[in-house]
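Structure assessment
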Amino acid sequence: MGAAQLEDLSPSYFALVMATGIISIGCYLMGLRPVAVGLFALNCVAYVVIWALSLLRLRLYPRRMVDDLISHQRGLGFLTVVAATAVLGNQVILIGKEFTIAIALLALAVILWLALTYTVFTALTIKREKPSLAQGISGTWLLAVVATQSIAVLIALLAAHWGQPLRLHANFVALSMWLWGGMLYIWIISLIFYRYTFFRFEPDDLAPPYWINMGAMAISTLAGSLLVENSTISSDAPFLHSLRPFLEGFTVFYWATGTWWIPIIAILAVWRYGYRRLPFEYDPLYWGAVFPLGMYAVATFRMAEALKLEFLDPIPQVFLGLSLAAWLATFIGLMRRLGSGLARNATRG
């Protein structure tokens, strides 16, 4: 990677880890264990490499990092590191069976969530020069929801393996994060929907992260499904047991909302690439489109299990296949980009 590429490194690059991780989890849950283990190994490497590149960028280009952090267009992209850390923690539990490492990843995710959430939103609030709503809002903002819900998912998953009273406390924190993430989605999606319908919309405006409109609801569904499962034994978390009808209702509500977004975004994608003829070119933001497909597959699988909705079983299989195809296409694009960059550097050398 050249100096210019490092300086311009997208804050959203941890979405690669998010996408690879959730597809690995989907493969594990649906019986494709060798694929799941291979993607898990690849994800561990990707996580370390992106951290190394990000820290190197911070050292060499600190001003550029700060500018990105307080940018309406790029600032929320930093929250991909929170979701990536939490998703990797889920892989460590489900595939690696290493709970100590998962707890360490949870602690890191919480620290990053606190630092980035309040830094970014405070900076965006007090900065003097601000873009218009049409220029400033995008699907990337929903990474705030995804990051919040990713922590709720990891805590709920760990809580099922902890004894009392830690299990009770963990389930309460997971429930609180789940509810906060839902409220945050309502605030942000209202602005995005308003921007969709009342401002001029060009093909370039339909960036891949708009798939997070659906992905944020999918991960909310996953968190709700795990809380429903944790409420099964009333003695473990009596407040969850009393809230079970609410948990089930809102989990289906989140799933239905995410499902509604799929045809809309698909139609707009056809409009962008088919009717308006925008070319397919690799962009790290495409990982933000792969992740929601994989998350929808896993969330639907978990919800069908938790709520005994067996008639939904074919849906996760279909979306896991779609997410695998999307991941492979995006990964090939990444390899080609890296290959062309190495060729250019060799020529200059």
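Some details on the overall build of the protein chain
If you tally the helices and strands in the protein chain, you get 14 helices and zero strands. Each helix and strand of the protein chain, ordered N terminal to C terminal, gives the series α-α-α-α-α-α-α-α-α-α-α-α-α-α. Every one of the 349 residues in the protein chain was classed for burial, and the buried ones make up 54%. For the protein chain, restricting intrachain contacts to residue pairs at least 6 apart in sequence, the fraction spanning at least 24 positions comes to 81%. Taking the average place of the 23 positive charges on the side chains of the protein chain and the average place of its 17 negative ones, the gap between the two points comes to 6 Å.

Things to note about the side chain of Asn90
Assignment of secondary structure puts Asn90 in helix 5 (residues 80–96). One polar contact links the side chain of Asn90 to the main-chain carbonyl oxygen of Ala86, over a distance of 2.8 Å. Residues in contact with Asn90, not counting those within four places in the same chain, are Ile25, Val153, Leu154 and Leu157.

Some details on the layout of surface pockets
There is about 490 Å³ of room inside the second largest pocket. Looking at the second largest pocket, it is lined by 20 residues, and the ones nearest its centre are Tyr273, Phe280, Tyr286, Ala289 and Thr330. If you list the elements that add at least two residues to the lining of the second largest pocket, you get helix 12 (244–275), helix 13 (287–306) and helix 14 (314–348). For the lining of the second largest pocket, the residue count by class is 16 nonpolar, two polar and two charged.

A look at the nonpolar core
Val82, Leu142, Met214, Trp287 and Phe291 are the most contacted members of the largest nonpolar core, which has 121 residues in total. Discounting residues that sit within four places of it in the chain, Phe291 has contacts with Met18, Ala19, Ile22, Val87, Val146 and Ile219.

Notes on the packing of helix 2 (residues 15–29) against helix 5
Where helix 2 contacts helix 5, the axes come no closer than 8 Å and their chain directions differ by 25°. The angle between the axes of helix 2 and helix 5 places the two elements in the roughly parallel class. When the axes of helix 2 and helix 5 are compared, the crossing they make is left-handed. Residues Ala15, Val17, Met18, Gly21, Ile22, Ser24, Ile25 and Tyr28 of helix 2 form the contact with helix 5, whose participating residues are Thr80, Ala83, Ala84, Val87, Asn90, Gln91, Leu94 and Ile95.

Section: helix 10 (residues 212–230)
Since the α-helix turns once every 3.6 residues, residues separated by three or four places project in the same direction. In a regular helix each residue adds 1.5 Å, so 19 residues correspond to 27 Å; helix 10 covers 26 Å between its end C-alpha atoms and thus fits that length. Counting buried residues in helix 10 gives 18 out of 19 residues, a clear majority hidden from the surface.

Brief notes about the environment of Ile126
Mapping Ile126 onto the fold places it in helix 6 (residues 99–126). Once the C-alpha coordinates of Ile126 and Ile70 are considered, the two residues, 56 residues apart in sequence, prove to be 9.9 Å apart.

Comments concerning the environment of Ala174
Note that Ala174 resides in helix 9 (residues 166–198). It is 9.4 Å that separates the C-alpha atoms of Ala174 and Gly224, two residues lying 50 residues apart in sequence. If we ignore the near neighbours within four places in the chain, the residues touching Ala174 are Ala152, Ile155, Ala156 and Leu227.

Describing the packing of helix 2 against helix 13
How two helices sit against one another is set out by the angle between their axes and by the gap between those axes. Close contact between helix 2 and helix 13 brings their axes to 8 Å; oriented N to C, the two are set at 30°. Accordingly, the angle class assigned to the pair helix 2 and helix 13 is roughly parallel. For the pair helix 2 and helix 13, the crossing hand works out as left-handed. Across from Ala15, Leu16, Met18, Ala19, Ile22, Ile23, Ile25, Gly26 and Leu29 in helix 2, the residues of helix 13 making contact are Trp287, Gly288, Val290, Phe291, Gly294, Met295, Val298, Phe301 and Arg302. Partitioning the contact of helix 2 with helix 13 into residue classes produces 14 nonpolar, three polar and one charged.

Thoughts on the packing of aromatic side chains
Each aromatic ring pair is specified by the distance between its two centres and by the angle formed by the two planes. With the rule as written, the count across this model stands at 23 aromatic pairs. Plain terms: the ring middles of Trp113 and Tyr118 are 6.2 Å apart, the flat faces sit at 80° to each other, and that makes the pair edge-to-face. Overall, Trp113 belongs to the buried group, its relative accessible area being 8%. By relative accessible area, Tyr118 is classed as exposed at 51%. Grouped by ring-pair contacts, the aromatic residues Trp178, Phe246, Phe250, Phe253 and Tyr254 constitute a single cluster. Over the aromatic face of Tyr28 sits the side chain of Arg33, whose NZ or CZ is 4.2 Å from the ring centroid.

A few points about the pattern of salt bridges
Taken as a whole, this structure holds eight salt bridges when the rule is applied. One salt bridge in this structure joins Asp68 and Arg57, with 2.6 Å as the shortest N-O distance. Separated by eleven residues along the polypeptide, Asp68 in helix 4 (residues 62–69) and Arg57 in helix 3 (residues 33–60) bring together distant segments of the chain. When its relative accessible area of 3% is taken as the criterion, Asp68 is described as buried. What makes Arg57 buried here is its relative accessible area of 2%. Where Arg63 meets Asp67, a salt bridge forms, and the shortest distance between an N and an O atom there is 3.3 Å. Note that Arg63 and Asp67 are positioned in helix 4 at a spacing of four residues, about one turn of the helix. Using a relative accessible area of 57% as the deciding quantity, one classes Arg63 as exposed. In the salt-bridge network here, residues are joined through shared partners; they are Glu7, Asp8, Arg57, Arg64, Asp68 and Arg74.

How each quantity is defined
- Residues numbered from 1 in each chain as written.
- Predicted model: local features only at pLDDT ≥ 70, side-chain atom pairs only at ≥ 80, totals over all residues.
- Heavy atoms only, no water.
- Helix = DSSP H or I, 4+ residues; strand = E, 2+ residues; numbered from the N terminus.
- Buried < 20%, exposed > 50% of the residue type's maximum accessible area, 1.4 Å probe, protein only.
- Contact = heavy atoms within 4.5 Å.
- Lys, Arg positive; Asp, Glu negative; His and termini not counted.
- Charge placed at Lys NZ, Arg CZ, Asp CG, Glu CD.
- Polar contact = N/O pair within 3.5 Å; in protein donor to acceptor, adjacent residues only side chain to side chain.
- 1 Å grid on protein atoms, 1.4 Å probe; cavity = no way out; pocket = protein on both sides within 12 Å on 5 of 7 lines; lining within 4 Å.
- Points joined across faces, edges and corners; volume = space filled by probe spheres on them.
- Nonpolar A, V, L, I, M, F, W, Y, C, P; charged D, E, K, R; others polar.
- Core = buried A, V, L, I, M, F, W, Y, C linked by side-chain atoms within 4.5 Å.
- Axes fitted to C-alpha atoms, helices over the stretch in contact; angles between N-to-C directions.
- Parallel < 35°, antiparallel > 145°, perpendicular 65-115°, else oblique.
- Left-handed = near helix turned anticlockwise from the far one by under 90°.
- Expected span 1.5 Å × (residues − 1).
- Phe/Tyr/Trp six-rings, centres within 6.5 Å; stacked < 30°, edge-to-face > 60°.
- Lys NZ or Arg CZ within 6 Å of the ring centre and 35° of its normal.
- Salt bridge = Lys/Arg side-chain N within 4 Å of Asp/Glu carboxyl O.

Read these as spatial facts, not as claims about activity.
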